[in-house]
Every structure is written in C-alpha cells, then in structure tokens.
Amino acid sequence: AGDEQDREGASGKVCISTIHRAKGLEWQDVYVPFFNQDFMPTLYRPSKGNERHQQGCNARDGGLCNKKCSDFYSKKDQDRFGFTPQERHLSEERRLAHVAATRAKERLVFTCIKTHNRFDLDDPKQSEFLAEIKSLVVEKAC
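Owing to the predicted nature of the structure, the values given are computational and were not obtained by experimental measurement.

### Digging into the environment of Val14
Position of Val14 among the secondary structure elements: in the loop between α1 (2-8) and α2 (19-22). Here Val14 falls in the exposed class, since its relative accessible area comes to 72%.

### Notes on the side chain of Ser127
For Ser127, the location among the structural elements is in the loop between β2 (104-110) and α5 (128-132). By relative accessible area, Ser127 is classed as buried at 3%. Looking at Ser127, its side chain comes within polar contact range of the main-chain nitrogen of Phe129, at 3.1 Å.

### Quick notes on the pattern of salt bridges
What the rule picks out here adds up to three salt bridges. The residue Arg107 makes a salt bridge to Asp29 at a minimum N-O spacing of 3.5 Å. With Arg107 in strand β2 and Asp29 in strand β1 (residues 27-32), this pair connects stretches of sequence that are 78 residues apart. According to the relative accessible area criterion, Arg107 is partly exposed, its value standing at 44%. Two residues, Glu92 and Arg95, come together in a salt bridge whose shortest N-O distance is 2.7 Å. Separated by three residues within a single helix, Glu92 and Arg95 lie in helix α4 (residues 85-101), roughly one turn from each other. A relative accessible area of 33% means that Arg95 is categorised as partly exposed.

### Brief notes about the state of the cysteines
Here the structure, examined in full by the defined rule, presents zero disulfides. In this structure Cys65 is not part of a disulfide, and its nearest cysteine sulfur, from Cys69, lies 3.6 Å away.

### Some remarks on the side chain of Arg103
As for its position among the elements, Arg103 is in the loop between α4 and β2. Glu26 provides the closest opposite charge to the buried, unpaired Arg103, separated from it by 5.6 Å. In this structure the side chain of Arg103 is engaged in a polar contact, spanning 3.0 Å, whose partner is the backbone oxygen of Leu25. Once residues lying within four places of it in the same chain are set aside, the contact partners of Arg103 are Ala22, Lys23, Gly24, Leu25, Glu26, Trp27 and Val30.

About the criteria used
- Residues numbered from 1 in each chain as written.
- Predicted model: local features only at pLDDT ≥ 70, side-chain atom pairs only at ≥ 80, totals over all residues.
- Heavy atoms only, no water.
- Helix = DSSP H or I, 4+ residues; strand = E, 2+ residues; numbered from the N terminus.
- Buried < 20%, exposed > 50% of the residue type's maximum accessible area, 1.4 Å probe, protein only.
- Polar contact = N/O pair within 3.5 Å; in protein donor to acceptor, adjacent residues only side chain to side chain.
- Salt bridge = Lys/Arg side-chain N within 4 Å of Asp/Glu carboxyl O.
- Disulfide = S-S within 2.5 Å.
- Lys, Arg positive; Asp, Glu negative; His and termini not counted.
- Contact = heavy atoms within 4.5 Å.

Here's what the structure looks like:
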C-alpha cells in the first residue's frame, strides 16, 4: 500500500527538485520559489576567463587578454546565431520557466520574495515571465 500511495502522490511527502531534474516528471502541486527578476530569469553574466581567445592572444599563454576576445566572439556569435549572448540566455531561462510550469497536474504556485538580505536586494521585482503569462493566471494571492 505504501508504494501505491507514493505513486499517487498521497503519501504526504514533499519532493524538492531542480528544474533541470524535474524535466519529464509531473506532480499534483508544484511550487516555484524565488520567481523574481535576477533569480528567474537569472542575471546574465558574460563568460570570464580564457575560454575563448583568438590566435596570438596573450591569454592563450596564461597572460592577460590583449585582443578584446570576448567582444570579438560576442560579435561573431551574434552574426552566426542571429542573437546576442544575452538574448540566448533569456531564451534558455524562458525555456526553464516553461519546464517548471508544465510539471504541475493540478496546481502551480509561483512565489516571489519582497526582501533578500544576502544579496542586498531592497525591492526585488517579480520575474518578467509573470507578465508574459498574466492572462493564464487563475488566482493571484498578492
């Protein structure tokens, strides 16, 4: 009987998962915390370090970049893909939000924070994704 309860979700247990690990799974109720701007979507941070450097760049030998390689590759990537790295990042974050939202069978709850001491956020904003799904919201508690 215990296994049957677990499969049906009536066991009273809570499953905590990342969005990546939840792909392909479903639950009766899904709660998505921290649905604030800079949390979902996460703040875009350009790559740092020596991941990609042009031929002849000092960074290839452990030195400092002397050829503005990140600008070069950012422009090259934009030309090749038609999107800036920031646009690709936002698209991937939107896809993750969609994965999170589609895990719920019955109830989907997004929660937002009003303050956050760790990151010195005085007035955190709701995720821009909430505005995109506003017409689908059945009930708003805040």
